[in-house]
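Here is what each chain is made of, one letter per residue.
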Amino acid sequence: MRRSLQACALWVAVIACAAANYGATPQECRALRKHGRRAEAQHCFESLRLSSDSYLRAEGYWGLGEFERANDEFRTAVSRSDQNAVYRVRWGRLLHERFNDTDAEGLFKEALQRDNKNAQAYLGLGLVSADGFDSKAIEYAAKALKLDPKLVEAHELMANLALEDSNTQKASEEADAALKLAPDVLDAMAVHAAIEVLAERPPDAWFNKIRQVNPYYGQAWAVVAHHLVLNYRYQDAIAYYRKAVEIDPQLWSARSQLGVNLMRGGEEQDARRQLEMCYDAGYRDAATVNTLRLLDSYKNFVTIKDSGTILKLNKNEAELLRPYLERQIQQDVADYQKKYKMTLPGPVQVEVYRDHEDFAVRAMGMPGLGALGVTFGEVVALDSPSAREPGSFNWASALRHELSHVFILTATSGRVPRWFTEGLAVHEQAAASPAWGNRLTPDVLAAVRDKKLLPVTQLDRGFVRPEYPTQVFVSYFQAGRICDYIESRWGKDKLLSMVSSFAHHKMTSEAIKENLGIAPQEFDQQFDAWLSSRIGKTASNLEEWRKRMMELAQLAKNHRYAEILKKGDEARQMYPEYVFGDSVYEYMAEADLATGDQRGAAAMLTQYEKMGGQSPALLKELASLQNKLGEAQEAAATLNELNFIYPIDEDLHHRLGDLRLALKDYEGAIREYGALVAMRPLDVASAQFDLARAYLAAGQRDKAQDHILASLESAPNYRPAQKLLLEIQDSEKGTH
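Residues numbered from 1 in each chain as written. Predicted model: local features only at pLDDT ≥ 70, side-chain atom pairs only at ≥ 80, totals over all residues. Heavy atoms only, no water.

Q: Got a sec to walk through unusual backbone geometry? Specific residues and values, please.
A: Backbone geometry at Phe 99 places phi at a positive 75 degrees, although glycine is not the residue there. Within the secondary structure layout, Phe 99 lies in the loop between α6 (85–97) and α7 (101–114). Despite not being glycine, Lys 451 has its phi angle at roughly 55 degrees, a positive value. Inspection of the secondary structure puts Lys 451 in the loop between α23 (442–449) and α24 (460–464). (Helix = DSSP H or I, 4+ residues; strand = E, 2+ residues; numbered from the N terminus.)

Q: Please provide a residue-by-residue account of the packing of aromatic side chains, values included.
A: Scanning the model with the defined rule gives 31 aromatic pairs in all. Pairing Tyr 55 with Tyr 87 gives two aromatic rings, centres 4.5 Å apart and planes at 15 degrees, and the pair type is stacked. Here Tyr 87 lies in helix α6 and Tyr 55 lies in helix α4 (residues 54–63), a separation of 32 residues in the sequence. Tyr 87 matches Tyr 55 in its accessibility class, with the two residues each being buried. One aromatic cluster is present, formed by Tyr 485, Trp 490, Phe 523, Phe 527 and Trp 530 through successive ring pairs. Across the ring face of Phe 67, the terminal group of Arg 98 is positioned such that the distance to the ring centre comes to 3.9 Å. Directly above the ring of Trp 206 sits Lys 209, whose terminal nitrogen or CZ lies 4.2 Å from the centroid. (Phe/Tyr/Trp six-rings, centres within 6.5 Å; stacked < 30°, edge-to-face > 60°. Buried < 20%, exposed > 50% of the residue type's maximum accessible area, 1.4 Å probe, protein only. Lys NZ or Arg CZ within 6 Å of the ring centre and 35° of its normal.)

Q: Quick rundown of empty space enclosed by the protein? Include the residues and the values.
A: Considering all chains together, one arrives at 2 cavities of 30 Å³ or more under this definition. Looking at the second largest cavity, its volume works out to about 40 Å³. As for the second largest cavity, its lining consists of Asn 394, Ala 435, Trp 436, Glu 609, Gly 612, Gly 613, Gln 614, Glu 641 and Ile 645. Its residues assigned to classes, the lining of the second largest cavity comprises 3 nonpolar, 4 polar and 2 charged. (1 Å grid on protein atoms, 1.4 Å probe; cavity = no way out; pocket = protein on both sides within 12 Å on 5 of 7 lines; lining within 4 Å. Points joined across faces, edges and corners; volume = space filled by probe spheres on them. Nonpolar A, V, L, I, M, F, W, Y, C, P; charged D, E, K, R; others polar.)

Q: Would you mind going over helix α31 (residues 584–594) in detail, with residue names and values included?
A: Those residues of α31 that sit buried are Val 584, Tyr 585, Tyr 587, Met 588, Ala 589, Ala 591 and Asp 592. Buried-residue contacts for α31 involve α29 (542–557), α30 (561–574) and α32 (598–610). Positive backbone phi, at 85 degrees, marks Gly 596, one or two positions downstream of α31. (Contact = heavy atoms within 4.5 Å.)

Q: An account of the sheet that holds strand β3 (residues 348–353) is needed here, citing residue identities and associated values.
A: Overall, mixed pairing links the 5 strands, which are arranged β1-β2-β3-β5-β4 in an open sheet. Taken across any chain shown, the strands that pair with only one partner, and hence form the sheet edges, are β1 (301–305) and β4 (373–376). Strand-to-strand twist across the sheet, computed as the mean angle between neighbouring axes with direction ignored, equals 15 degrees. Bridge count between β3 and strand β5 (residues 379–383): 5 bridges; the pairing is parallel. Looking at β5, one finds that Tyr 353 is bridged to Asp 383. Against the sheet, helix α19 (residues 318–340) touches β1, β2 (309–314) and β3, its axis set at about 150 degrees to β2. (Pairing = 2+ DSSP bridges. Axes fitted to C-alpha atoms, helices over the stretch in contact; angles between N-to-C directions.)

Q: I'd love a proper account of helix α5 (residues 67–80), names of residues and values included.
A: Along its 14 residues, α5 runs 20 Å from first to last C-alpha, staying within 8% of the 20 Å computed at 1.5 Å per residue. Residues of α5 that are buried: Ala 70, Asn 71, Glu 73, Phe 74, Ala 77 and Val 78. Considered in projection along α5, the buried side chains sweep an arc of 165 degrees and stay on one side of the axis. Along α5, exposed side chains directed more than 90 degrees from the buried face belong to Glu 68, Ser 79 and Arg 80. (Expected span 1.5 Å × (residues − 1). Arc of directions from axis to C-beta.)

Q: Tell me about the state of the cysteines, and please be specific about residues and values.
A: Applying the stated criterion across every chain, the model contains 1 disulfide. Between the sulfur atoms of Cys 29 and its disulfide partner Cys 44 the distance amounts to 1.9 Å. In this structure the cystine formed by Cys 29 and Cys 44 twists about its S-S bond by roughly -75 degrees; its chirality is therefore left-handed. Of the two residues, Cys 29 sits in helix α2 (residues 26–34) while Cys 44 sits in helix α3 (residues 38–49), which places them 15 residues apart along the sequence. In terms of burial, Cys 29 and Cys 44 fall into one category: buried. (Disulfide = S-S within 2.5 Å.)

Q: Please set out the layout of surface pockets residue by residue, giving values where relevant.
A: Empty pockets left among the atoms are what a rolling probe the size of a water molecule brings to light. The computed volume of the second largest pocket comes to approximately 1000 Å³. Looking at the second largest pocket, it is lined by 40 residues, and the ones nearest its centre are Ser 166, Asn 167, Thr 168, Asp 460 and Met 507. Contributions of two or more residues to the lining of the second largest pocket are made by α10 (152–164), α11 (168–181), α12 (186–198), α14 (219–230), α22 (418–432), α24 and α27 (508–516). Here the element with the most residues in the lining of the second largest pocket is α10; it accounts for 5 residues. Taken together, the residues of the lining of the second largest pocket sort by class into 18 nonpolar, 11 polar and 11 charged.

Below, the structure written as structure tokens:
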């Protein structure tokens, strides 16, 4: 390797001499820059800029960082030579570098229309796809290598993709293939360094080789940081990004990611400083711009701190959501401390975003997200219920999922495969409430039927680089059921012992053998049999079930209730877990009500709730039926479940407050009426009066009087408040 690097250094010196005395080529200029010969590279690109050839001028301006001028020159070059595929490829690479993947992809495809064997065009498509964690990236890189086995960049891309998929052997092989072709390929060396870091081995030998080629190549440290982020090691990643920008202060891509990850860790002031440096330098990719906007929006948030949590809420809904979130966080943290036998080193920070786009910015650049919440160490970001359609998600279930990550990532210092931490979090959701579990969707059933589940040792791929549109969700389901299976067969202590194995840097195959006593292949076979015994019949009958549901929909449309009740139960038994739109539960409950069977409708909707149904309208209907049938406790429990689904509902809090008060649950009544007041309803007087009644029932006369006065301030002639105030004053006189 050393002799090869010395030969490369001599070759670069020859290039520098040629560039100074003769007409330089873009490849020669880029080689100078690659080897850290910055001054010579600058002169080389300047010579290209003075060329009479628009394509060479484009390369020159690009190399000098004058991107708009380069873009204009590429446009000219392409217009003058429409059939030249190379010009389009290079223009596409510029646009990819400058955050315009849409147009870049178009140019790469146009290049292939002109030259269908252009390996560089396929490489460009692979780079674009890799940015979005698209499985096509591998396909494109493989196509590029088939057309040109000596295309070093394609080997480097394949190495990075393999390492993102946790396939270290493949990553090493591809990096070695690149180094065999050219011993000075820096990103291949960086992949090797990342492999060492992830395996807890010193990467110094690889970094020393990188320095020999180019002492200013900070991108190598950024490559390692990227892989650390994907493996949840955020603080380690920040250290590597800092090193990257220390080596190359103008490596704006690394500085931007440094800022993004500092923000993920709650270090907002330093994050803003790094991101503003990027913005001021003209580096304005989506991550930089959107994160700065998000930081600006924090003026609309309130921060609530106690000894164990930091809660950030939008000012407009903080008063409403705070009691529910604080209660749930405290309950989950206490539960996990007991279950995982550990205490967190610091407070948990939970951020709740009223605007889903703000949450999306927080999660930007992370693969395999369920899009409800995301965890960075001890920081959790979550959608607010108001950010989603009513009934589309259970915020308390999502919060419990993310808080599981906080504990597991802390326990393992981030050394845990994605499938296990996601699967354990899904498992914990169902442990809190069966209705909170990951629901069995038709997409999951289709994947089971079509045998699309991945082996456990490859399951991370399903989260990082899905091969079909629903694979991320399928992978969440599979990982969760794997943890269910482990607990049901080997006991819950085995899940904890697997956490310990991962904390000691064991791979999935090692953890399974060590804790379960079987090989991964045998585990896959036994898990598949276990899962098939539970949902295999449902999966195989999926198409028949769909036909029956279409028939029920038509019967419902024609109000043929007797036939719905007769045929509906057969469809329900075929797929009882289906609780989404137009479910059999809804059809049958409607039919029961139409025929006067309130108890039958209540029973059907109760099953819907137990299976995880989340429609606010259906759950409210259930609560009304339960109340009519004299089941006040059950009605209150149903409405309370709605608080976890969509608490932005005045009617919900009023009804639940009335039930809590009637049941003498005064603390619960105060919470619900308080939520109603926090929503600033049109009838403020009535809401304040109800809250006063709850405080008075709880024996808190001072607070009751405060809220009666607030009621009268809103409506001075409100008779119920006047009467209650007089009663309080008379009772106080009687005590003297």
